[in-house]
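Here's the letter readout for the chains.
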Amino acid sequence: MNKRAVKNIQIAAIFFISLLFVVRFGGAGILRAYVEMGIGNCRTMPVLCAYPAEDISDTALDSAYISGLLPYKFPGMNISIPRGFAVIKGRVKKVYYKKKKFGAGSPVVYLLYQKPRFFVNLFPQAKRHGIADNYEFVSRTIYADPRNINNIMDAFFVIMKAIFTPDIGDQKNVKIAKFNLPGGKGFITYNFDPSRNYFDCDVVFADDSFCKVYIKDKGKVLQMKDVAAIISTLKVSDAAASDETG
């Protein structure tokens, strides 16, 4: 693990200790105010108060569309992507969440893969609260809501929701859908912005390995049915995935 990853974990640990102090001496109301001061609220960051309001599990998959996608193979996972998109396989780094990561360039699909139980091993406090796998961790994060913070774990997952959501444009119309498709199950946080479409897909495979498929659709060529088709092509690769926490 590199120095950047170690530093980020140390910062998270310090913040977590601060939360414990706030809970001990301030109670739930002070805890909610502390989190709002640090990351924002429903007005400044609407995605924090968004939750899955639709289910696209029964979306009909277009086999002709899927056959026209380009296959990509990476350590840990395979996926097929539409032509015209730059495809980047990355790591969990702070710079990933910066809006200027890809500049003003072409449409892009950003991928990252993590092994089974990655999140619960990285955050043992979650494991101690009964969260046993990646899917439970991701689900708890997606359903987190700053208005419902009553204890330390509620606050933790609201913070994770803020950190783990990449640039999705103007969040005023952001929505979240859940799915269970051939490629895996999970959630899509999406926004049809005036200038482009954004899709942030958190996918958990049957073996509990995790993949994030982040799509910045500058040409606005993709709809939800197209994203569902892309997700359906996800497969766990036979190749061993390297450690990508750095």
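For the structure itself, look to the data block above.
Quick summary incoming for the structure in this document. (Residues numbered from 1 in each chain as written. Predicted model: local features only at pLDDT ≥ 70, side-chain atom pairs only at ≥ 80, totals over all residues. Heavy atoms only, no water.)

With that out of the way, let us pick up the overall build of the protein. A tally of regular secondary structure across the protein gives seven helices and ten strands. For the protein, the proportion of its 246 residues judged to be buried stands at 48%. Residue pairs in contact within the protein that sit at least 24 positions apart in sequence constitute 60% of those at least 6 positions apart. Looking at the protein as shown, the accessible area adds up to about 12,100 Å², and 56% of this sits on carbon and sulfur atoms. (Helix = DSSP H or I, 4+ residues; strand = E, 2+ residues; numbered from the N terminus. Buried < 20%, exposed > 50% of the residue type's maximum accessible area, 1.4 Å probe, protein only. Contact = heavy atoms within 4.5 Å. Areas by Shrake-Rupley, 256 points an atom, 1.4 Å probe, with all protein chains shown as cover.)

Time to look at the state of the cysteines. Here the structure, examined in full by the defined rule, presents one disulfide. In this model C201 remains outside any disulfide bridge; the closest cysteine sulfur is found in C211, 8.8 Å from its own. Residue classification places C211 among the buried positions, given a relative accessible area of 0%. (Disulfide = S-S within 2.5 Å.)

What follows deals with the pairing of strand β9 (residues 210-217). The buried fraction of β9 is high, at eight of eight residues. Where burial is concerned, the two faces of β9 agree: the one with F210, K212, Y214 and K216 and the one with C211, V213, I215 and D217 are both buried. Alignment of strand β8 (residues 197-204) against β9, held across eight bridges, turns out to be antiparallel. What sits directly across from C201, in β9, is V213. Hairpin connection, β8 to β9: the antiparallel pair is bridged by five residues, and D208 has positive phi, about 80°. (Pairing = 2+ DSSP bridges.)

On to the sheet that holds strand β1 (residues 52-55). Working definition: the strands of a sheet are paired by backbone hydrogen bonds and lie parallel or antiparallel to each other. Spatial ordering of the open sheet is given by β1-β6-β7-β8-β9-β5-β4, a layout of seven strands whose pairing is mixed. In the strand order of this sheet, the two ends are held by β1 and β4 (86-89), each with one partner. Mean inter-strand twist for the sheet, computed between neighbouring axes without regard to direction, equals 20°. As paired elements, strand β6 (residues 175-181) and strand β7 (residues 184-192) share seven bridges and run antiparallel to each other. Bridge pairing links A177 to I188 in β7. Against the sheet, helix α5 (residues 134-142) makes contact with β1, β6, β7, β8 and β9, and its axis sits at roughly 30° relative to β7, the strand it touches most. (Axes fitted to C-alpha atoms, helices over the stretch in contact; angles between N-to-C directions.)

Side chains of a nonpolar character, in soluble globular proteins, are inclined to be buried together. Of all hydrophobic cores here, the largest spans 37 residues; its most connected members are V35, F119, F137, F156, F157 and F210. For this core, the elements supplying multiple residues, two or more each, are α1 (3-39), β5 (108-114), α3 (118-122), α5, α6 (152-164), β8 and β9. Per-element accounting of this core gives the leading share, ten residues, to α6. Those residues in contact with F210 that sit more than four places away from it in its chain are L112, Y113, Q114, F119, N134, V138, F164, D202, V203, V204 and F205. By size, the runner-up hydrophobic cluster in this structure holds 29 residues, among which are L111, Y113, F179 and V213. (Core = buried A, V, L, I, M, F, W, Y, C linked by side-chain atoms within 4.5 Å.)

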